[in-house]
Amino acid sequence: MKINLWYCQSMGMWRWTLTDDRRPISKMESGQQSDLRNAMNDVANTVEYMLECESDTIASVTQNV
């Protein structure tokens, strides 16, 4: 996974993108927050969600085999 985090001064916002290119079809999420800690929490929550979805997909495929 790749995480980009930057501050957009004109908007007064911390912006972020998260790209998971480990699969044949890349998945990207993004967000913004005015507070840095909230932005970092959003990134952490999104990473955990993406990993959870990945493990659910693997479990589903394994059950169907």
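Each remark here, short or long, concerns the structure printed above.
Residues numbered from 1 in each chain as written. Predicted model: local features only at pLDDT ≥ 70, side-chain atom pairs only at ≥ 80, totals over all residues. Heavy atoms only, no water.

Draft legend 1. Inspection of the overall build of the protein chain at higher detail. If you tally the helices and strands in the protein chain, you get one helix and three strands. Seen in sequence order, the protein chain has helices and strands lined up from the N terminus as β-β-β-α. When each of the 65 residues of the protein chain is scored for burial, the buried share is 17%. A sequence separation of at least 24 residues applies to 28% of the contacts in the protein chain between residues at least 6 apart. (Helix = DSSP H or I, 4+ residues; strand = E, 2+ residues; numbered from the N terminus. Buried < 20%, exposed > 50% of the residue type's maximum accessible area, 1.4 Å probe, protein only. Contact = heavy atoms within 4.5 Å.)

Draft legend 2. The arrangement of the nonpolar core in detail. Among the nonpolar cores identified, the biggest contains six residues, and these are Trp16, Leu18, Ala39, Val43, Val47 and Met50. When contributions to this core are tallied by element, the ones reaching two or more residues are strand E2 (13-20) and helix H1 (36-64). The greatest single-element share of this core, amounting to four residues, is contributed by H1. Apart from the residues within four sequence positions on either side, Leu18 is in contact with Met1, Lys2, Ile3, Lys27, Met28, Glu29, Val43, Thr46, Val47 and Met50. (Core = buried A, V, L, I, M, F, W, Y, C linked by side-chain atoms within 4.5 Å.)

Draft legend 3. Highlighting the pairing of strand E1 (residues 2-8). In this sheet, E2 lies alongside E1 in antiparallel orientation, the contact comprising seven bridges. In the strand pairing of E2, Trp6 is matched with Arg15. Linking E1 to E2, which pair antiparallel, is a turn of four residues; within it Gly12 sits at a positive phi near 65 degrees. (Pairing = 2+ DSSP bridges.)

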